[in-house]
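# Reading the structure
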2 protein chains.
Amino acid sequence: MTSAAKSYDIAGLKARLGGIRTEENPALVRQKSRDFYWYSPTLKRQLDAVSGDIVAFPASEAEVLAILAACHALAIPVTPRGAGTGNYGQAMPLDGGLVLDLSGLDKVLEIVPGRVRAQAGALIADIDAACAASGQELRLHPSTYRTASIGGFVAGGSGGVGSISWGGLRDLGNIVSLRIATMEATPRILELTGEEVQTVSHAYGTNGIILEVEMPLAPAYGWTEAIIGFEDFGEAAAYANALGEQDAILKKLVSVIAAPVPQSYFLRHRKYLPDGLHIVLVMLAPVARAAFESFTKRWNGRTLYRSDLVGPEEAKGLPPLYELAWNHTTLRALRVDPAITYLQTLYPFPNQLSLAEQVHARLGDEAPAHLEFVRFDGKITSFGLPLIRFTSEARLEEIVALHEDLGIPVFNPHRYTLEEGGMKQTDAAQLAFKREADPQGLLNPGKMIAWAHPDFDLGAGRTYLFLGLERHAGRAGAPGDPT
Amino acid sequence: MTSAAKSYDIAGLKARLGGIRTEENPALVRQKSRDFYWYSPTLKRQLDAVSGDIVAFPASEAEVLAILAACHALAIPVTPRGAGTGNYGQAMPLDGGLVLDLSGLDKVLEIVPGRVRAQAGALIADIDAACAASGQELRLHPSTYRTASIGGFVAGGSGGVGSISWGGLRDLGNIVSLRIATMEATPRILELTGEEVQTVSHAYGTNGIILEVEMPLAPAYGWTEAIIGFEDFGEAAAYANALGEQDAILKKLVSVIAAPVPQSYFLRHRKYLPDGLHIVLVMLAPVARAAFESFTKRWNGRTLYRSDLVGPEEAKGLPPLYELAWNHTTLRALRVDPAITYLQTLYPFPNQLSLAEQVHARLGDEAPAHLEFVRFDGKITSFGLPLIRFTSEARLEEIVALHEDLGIPVFNPHRYTLEEGGMKQTDAAQLAFKREADPQGLLNPGKMIAWAHPDFDLGAGRTYLFLGLERHAGRAGAPGDPT
């Protein structure tokens, strides 16, 4: 299979890499060439056959630089990979070449009050474990807390658990600094701070390889978990919004999930979830418990579950609440019903509640509501991660269009490019930085439309198709090829 | 002088108090009967002669209870007092009687992650000093940080430094619990949590004596202080508002002070303050410095001062930045120009910027602008503490009316009652609690209109005059009586 694909000089590459650990076994390479793209039936169809030619596992920064130099010399694409927990195909090598698995760069380098510095491959949970001794933890993490790497989060994530207090990764200050390597004949190392970090964060590794990440920390009080139930979805959403606006009740998560999703898919919490109730998931600081109880009483919310009120044995059998939220909501639904997919939307302030009600009234059970409340530009508003009962890609596109027609931006998780999965526009700073840091366009090819196809009309409603994708997907085997 | 005032059985009281320390020297009693009411020319005229008959200095909770029981038995009013740093006459005994000086109850009782418990008389700065060992500090403090007591802050304050991140004391969760004593034949001790704390917080001690306070803590990173200058006031205000909305830049203070106030009154910072520049005072977490610099550059703000960039010798000569903000702005102006007074207003979201510009364009140099940005109901907005170049009480009332006509609520600091200094309405929960906890109306008489005069029409625009005030002010000597 790989023999037909020798467009890259992998043998020459290996000769240059000396003792650096690599892997060419096709099944393993294929495994290291995917992420959670299969949440999307569209991406599953498009990307299922994607595979790199070789995976490298550097154990040090020096090894990363050696790999980059060698790949640059041989014009071999490099697609960096953290833990592969993305959903947009961020870490998938559309044009083949080398997958740069950064999981070996996993050291937590420095912890001081308010700040941690770690290598890109360090797992988020491991960083928090290291920070616990000083009573600290990361401000933000994805629902894949236990498996995701910090570099992958910065390169391909946007926020998540914690965004109700701190906003998103796009906000100035949520990434303190980045140490990156450029993709040049002699790779340079750059330290980016302030606004500069935004040129490389959420660029899917297209314009620099993140080596180290410096992140702000928040106090680690432990979090009290609560599930509050409402008979009316609008009430649940309004309560969650108002709870978000309670400035003195410190929170890490405020999610609203419409019935029957919790009852159908949150199996280990099932006994706390009476039929018909729409639920709000809350992680709050223990110091705020009494305030939270008073607040919830004002809204006549029904407390269905509180982590501090169940016994330790019972608690042990339950996943943490953030593993019911954000994209873990989708994951739990998918595990029960493989026909489920989802969207990621933003209900803009100040119309978040009416927009959410409107769109879900329109779509009914085809798209059960899932709201994630966050701070966004200083206000509380809500992302939507509605589940979609998938019927066809055409219908999925109709649902996307329905949102956009209502003024609800969609961060389309059925697209693998930065532009189409984001704000439908090219990030000029990211593009300019790619010209400087990856002049040959070898980093994660096919993800930045503006690089490969600057004239592509993002407003025309056509889906971008990276040319290399077909070419290289073919090399890795036909769709459905068993691995 | 005091001999004419024997409407209370002070001798009988002393006999009951046994070894509890008291003070009857008129000059000392008078001193302990005042706060910073003299910021207001109106209050100065009305309250200047106010004095209690005796001051008690309990050294323990048991002594407080003994004093309350004795005063209850003899129907002697009790006005509690922390450090006397209020500006609304909160701690002034309008009806004479006993001043309960709580400064002897100054123990910090418990510090755990996220929470501190202290006696009511503990100074805020002392609490923070005790919390520093665990890397923690109080979320909120008044600009009188170094002199104010925590009990006084809870009983008579509203927020201040820290409100840009945490909202105000009125917000559920900014006071964890209160331990209070009732004013009954046998005083009861009550522990209030959640919503209950709001019955006693900001009630000026009219419905219970606060014995202990449990407050949430925030991390103590130390704060970088910055002064940013703008040539245009509207730009300065818009920058401050947008900085407030930067969710990832952790801040403790964002104040805007219009020229020429800083140049005229901030004498020790004078050399950093070029003529004509409107300034923004910022306290930010050190981890956010680079983000803050990038953000400020976007707005073309001129960095006039940064605490981390001056030498330690120079820094030592400067007061902390919060002592230029909130009511310390007023204090610094008053020290230079005794004809200055001020207002306290709220510019409601989302019109805060246009309302502030509008009112200050209308008033010109008669009321130089001073904005304090805060979180309020989950949004960033601004309080106003404009300086007022005082000419007459009538003109002051006109200026108040001008604000109110524009839809800008005024928390009138020229009124000594809860209702008139607050939201112009009776707090039903506070009144109900007073019926229960102080059935004879002996606690801080004259401050809650609804108690003494339930039919008073707060909407009629008349100023409330407590009857006891005239009677007892007379006892303490005529206005201007030397002490």
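Residues numbered from 1 in each chain as written. Chains lettered and ligands numbered in written order. Predicted model: local features only at pLDDT ≥ 70, side-chain atom pairs only at ≥ 80, totals over all residues. Heavy atoms only, no water.

Scanning chain A from terminus to terminus reveals 18 helices and 19 strands. Over its C-alpha atoms chain A spans a radius of gyration of 22 Å, differing by no more than 12% from the 23 Å that the globule rule assigns to 483 residues. Overall size of chain A, expressed as C-alpha extent along the three principal axes, is 70 × 50 × 40 Å. In chain A, buried positions account for 64% of the 483 residues. Intrachain contacts of chain A at a sequence separation of at least 6 include 73% that bridge at least 24 residues. Accessible surface computed for chain A: about 16700 Å², of which carbon and sulfur atoms make up 53%. One way to put it: in chain A the 44 positive side-chain charges average out to a point 3 Å from where the 54 negative ones average out. (Helix = DSSP H or I, 4+ residues; strand = E, 2+ residues; numbered from the N terminus. Rg over C-alpha atoms; globule rule 2.2 N^0.38 Å. Buried < 20%, exposed > 50% of the residue type's maximum accessible area, 1.4 Å probe, protein only. Contact = heavy atoms within 4.5 Å. Areas by Shrake-Rupley, 256 points an atom, 1.4 Å probe, with all protein chains shown as cover. Lys, Arg positive; Asp, Glu negative; His and termini not counted. Charge placed at Lys NZ, Arg CZ, Asp CG, Glu CD.)

Residues and elements named next belong to chain A. Examined against the element boundaries, Gln-425 turns out to sit in the loop between helix 15 (418–421) and helix 16 (428–437). Along the primary structure Gln-425 and Ala-450 are separated by 25 residues, whereas in three dimensions their C-alpha atoms are 9.0 Å apart. Apart from the residues lying within four places of it in its own chain, the contact partners of Gln-425 are Glu-419 and Leu-458.

Of the residues lining the interface, 41 residues belong to chain A; the matching set on chain B comes to 41 residues. Roughly 3100 Å² is buried in total at the junction of chain A and chain B, and carbon and sulfur atoms are behind 55% of that figure. Area buried by chain A at its contact with chain B is led by Leu172(A), Asp247(A) and Val287(A), which between them contribute 22% of it. In this assembly, chain A and chain B are joined by 4 salt bridges. Glu195(B) is paired through a salt bridge with Arg298(A); the nearest N and O atoms lie 2.4 Å apart. Counting across the interface, chain A meets chain B through 16 residue pairs in polar contact (both at pLDDT 80 or more). Class assignment of the residues belonging to the side of chain A that touches chain B gives a composition of 19 nonpolar, 12 polar and 10 charged. (Buried area = accessible area lost by both parts, 1.4 Å probe. Salt bridge = Lys/Arg side-chain N within 4 Å of Asp/Glu carboxyl O. Polar contact = N/O pair within 3.5 Å; in protein donor to acceptor, adjacent residues only side chain to side chain. Nonpolar A, V, L, I, M, F, W, Y, C, P; charged D, E, K, R; others polar.)

All names here are of chain A. Running from N to C, helix 13 (residues 352–363) and helix 14 (residues 393–405) point in directions that differ by 150°, and their axes come no closer than 11 Å. Taken together, helix 13 and helix 14 sit at an angle that is classed as roughly antiparallel. For the pair helix 13 and helix 14, the sense of crossing is right-handed. Contact residues: Val-359, Arg-362 and Leu-363 in helix 13; Arg-395, Ile-399, Leu-402 and His-403 in helix 14. Class assignment of the residues belonging to the contact of helix 13 with helix 14 gives a composition of 4 nonpolar, 1 polar and 2 charged. (Axes fitted to C-alpha atoms, helices over the stretch in contact; angles between N-to-C directions. Parallel < 35°, antiparallel > 145°, perpendicular 65-115°, else oblique. Left-handed = near helix turned anticlockwise from the far one by under 90°.)

Now for unusual backbone geometry. Outside of glycine, negative phi angles account for most residues, and trans bonds account for most peptide bonds. Residue Pro350(A) is reached from Phe349(A) by a cis peptide bond, and omega for that bond is 5°. With respect to the helices and strands, Pro350(A) occurs in the loop between strand 16 (345–347) and helix 13. With an omega of 5°, the peptide bond running from Ala259(B) to Pro260(B) counts as cis. Here Pro260(B) is to be found in the loop between strand 12 (251–257) and helix 9 (261–265). One non-glycine residue, Tyr204(A), lies in the positive phi region at around 55°. With respect to the helices and strands, the residue Tyr204(A) is situated in the loop between strand 9 (189–193) and strand 10 (209–219). By relative accessible area, Tyr204(A) is classed as buried at 3%. We note that Asn444(B) has phi near 40°; this positive angle belongs to a residue other than glycine.

Next up on the list: the relation of the copies chain A and chain B. Its rotation angle being 180°, the transformation that places chain A on chain B also includes 0.0 Å of axial translation and leaves an RMSD of 0.0 Å. Each copy turns onto its partner about a two-fold axis. No C-alpha of chain A lies nearer the rotation axis than that of Lys379(A), which sits 2.7 Å from it. When the interface residues of chain A are mapped onto chain B, 100% of them are again interface residues, pointing to one common binding face. (Least-squares fit on C-alpha atoms with pLDDT ≥ 70 in both.)

Let us now look at the UniProt feature "domain: FAD-binding PCMH-type" (unreviewed entry) in chain A. Summarizing the sequence annotation, UniProt attributes the feature "domain: FAD-binding PCMH-type" (unreviewed entry) to residues 47–220 of chain A in the numbering used throughout. The annotated region residues 47–220 of chain A carries 20% helix and 26% strand content, and the separation between its end C-alpha atoms amounts to 39 Å. (UniProt positions renumbered as here; feature names shortened; annotations may be inferred.)

With that settled, consider the domain arrangement of chain A. Residue and element names in this part refer to chain A. Domain boundaries in chain A define domain 1 (3–101) and domain 2 (224–405). Taken together, the contact pairs 8 residues of domain 1 with 11 residues of domain 2. Across the domain 1 to domain 2 interface the summed buried area is about 780 Å²; carbon plus sulfur atoms make up 55%. Taken as a group, Tyr-39, Pro-41 and Thr-42 account for 64% of the area that domain 1 buries against domain 2, more than any other trio of residues on that side. Taken together, the links from domain 1 to domain 2 amount to 1 salt bridge. For Glu-393, the salt bridge goes to Arg-45, with nearest N and O atoms at 2.7 Å. Along the lines of polarity and charge, the residues of the side of domain 1 that touches domain 2 split into 4 nonpolar, 3 polar and 1 charged. (Domains from an automatic or database assignment.)

This part takes up the pairing of strand 4 (residues 98–101) of chain A. Residues and elements named next belong to chain A. Burial along strand 4 is two-sided: Leu-98 and Leu-100 facing one way and Val-99 and Asp-101 facing the other are all buried. Relative to strand 4, strand 2 (residues 54–56) runs parallel, the two being bridged by 3 bridges. Across the sheet, the residue bridging to Ala-56 is Leu-100, located in strand 4. Bridging between strand 3 (residues 78–81) and strand 4 involves 4 bridges; their strand directions are parallel. Paired with Thr-79 across the strands is Val-99, a residue of strand 4. (Pairing = 2+ DSSP bridges.)

For the rest of this paragraph, the subject is the sheet that holds strand 12 of chain B. Residue and element names in this part refer to chain B. Sheet architecture is open: 7 strands sit in the order 14-11-13-12-17-18-16, paired in antiparallel fashion. A strand with exactly one partner marks an edge of an open sheet, and here the two such strands are strand 14 (302–306) and strand 16 (345–347). Averaged over all pairs of adjacent strands, the angle between strand axes in this sheet comes to 25°, irrespective of strand direction. On the sheet, helix 8 (residues 233–244) packs against strand 11 (224–230), strand 12, strand 13 (278–284), strand 17 (370–376) and strand 18 (379–384) and is oriented at approximately 165° with respect to strand 12.

Looking now at the pattern of salt bridges. Residue and element names in this part refer to chain A. This structure, assessed with the given rule, holds 64 salt bridges over all chains. A salt bridge links Glu-293 to Arg-306, with the shortest nitrogen-to-oxygen separation between them at 3.0 Å. Pair noted here: Glu-293 is in helix 10 (residues 289–298) and Arg-306 is in strand 14 (residues 302–306), with a separation of 13 residues, a long-range link. Glu-293 sits in the partly exposed class, given a relative accessible area of 45%.

Residues and elements named next belong to chain A. On the surface, Glu-231, Asp-232, Glu-235 and Glu-357 cluster together into a negatively charged patch. Within the secondary structure, Glu-235 is located in helix 8 (residues 233–244). For Glu-235, a relative accessible area of 34% gives the class partly exposed. (Patch = residues over 30% accessible without salt bridge, like charges linked within 9 Å, V, L, I, M, F, W, Y side chains within 5 Å.)

A few words on the environment of Leu178(A). Residue and element names in this part refer to chain A. With respect to the helices and strands, Leu-178 occurs in strand 8 (residues 177–181). Between the alpha carbons of Leu-178 and Arg-117 there is a distance of 9.2 Å; along the sequence they are 61 residues apart. Those residues in contact with Leu-178, other than ones at most four positions away along the chain, are Val-154, Leu-190, Glu-191, Leu-192, Val-197, Val-200, Ser-201, Ile-210, Glu-212 and Val-213.

Attention now moves to helix 13 of chain A. Residues and elements named next belong to chain A. The first and last C-alpha atoms of helix 13 sit 17 Å apart over 12 residues, in line with the 16 Å expected at 1.5 Å per residue. The set of residues buried in helix 13 consists of Gln-352, Leu-355, Ala-356, Val-359, His-360 and Leu-363. Take helix 13 and look down its axis: the buried residues cluster within an arc of 115°, on one side only. Exposed residues pointing more than 90 degrees away from the buried face of helix 13 are listed as Ala-361 and Arg-362. On its buried face, helix 13 sits against helix 8, strand 16, strand 17 (370–376), strand 18 (379–384) and helix 14. A positive phi of about 60° marks Gly-364, the residue just after helix 13. (Expected span 1.5 Å × (residues − 1). Arc of directions from axis to C-beta.)

Looking now at the sheet that holds strand 3 of chain A. Residues and elements named next belong to chain A. Overall, mixed pairing links the 4 strands, which are arranged 1-2-4-3 in an open sheet. At either end of the open sheet lies a strand with only one pairing partner, and these are strand 1 (22–23) and strand 3. Across the sheet, helix 1 (residues 10–17) is in contact with strand 1, strand 2 and strand 4; its angle to strand 2 comes to roughly 15°. Helix 4 (residues 61–74) rests against strand 2, strand 3 and strand 4 of the sheet, and its axis sits at about 170° to strand 4.

This part covers the side chain of Asn241(B). Residue and element names in this part refer to chain B. Inspection of the secondary structure puts Asn-241 in helix 8. Within polar-contact distance, the side chain of Asn-241 engages the side chain of Gln-352 at 2.8 Å. With near-sequence residues (within four places) excluded, Asn-241 lies in contact with Gln-352, Leu-353, Phe-373 and Ile-380.

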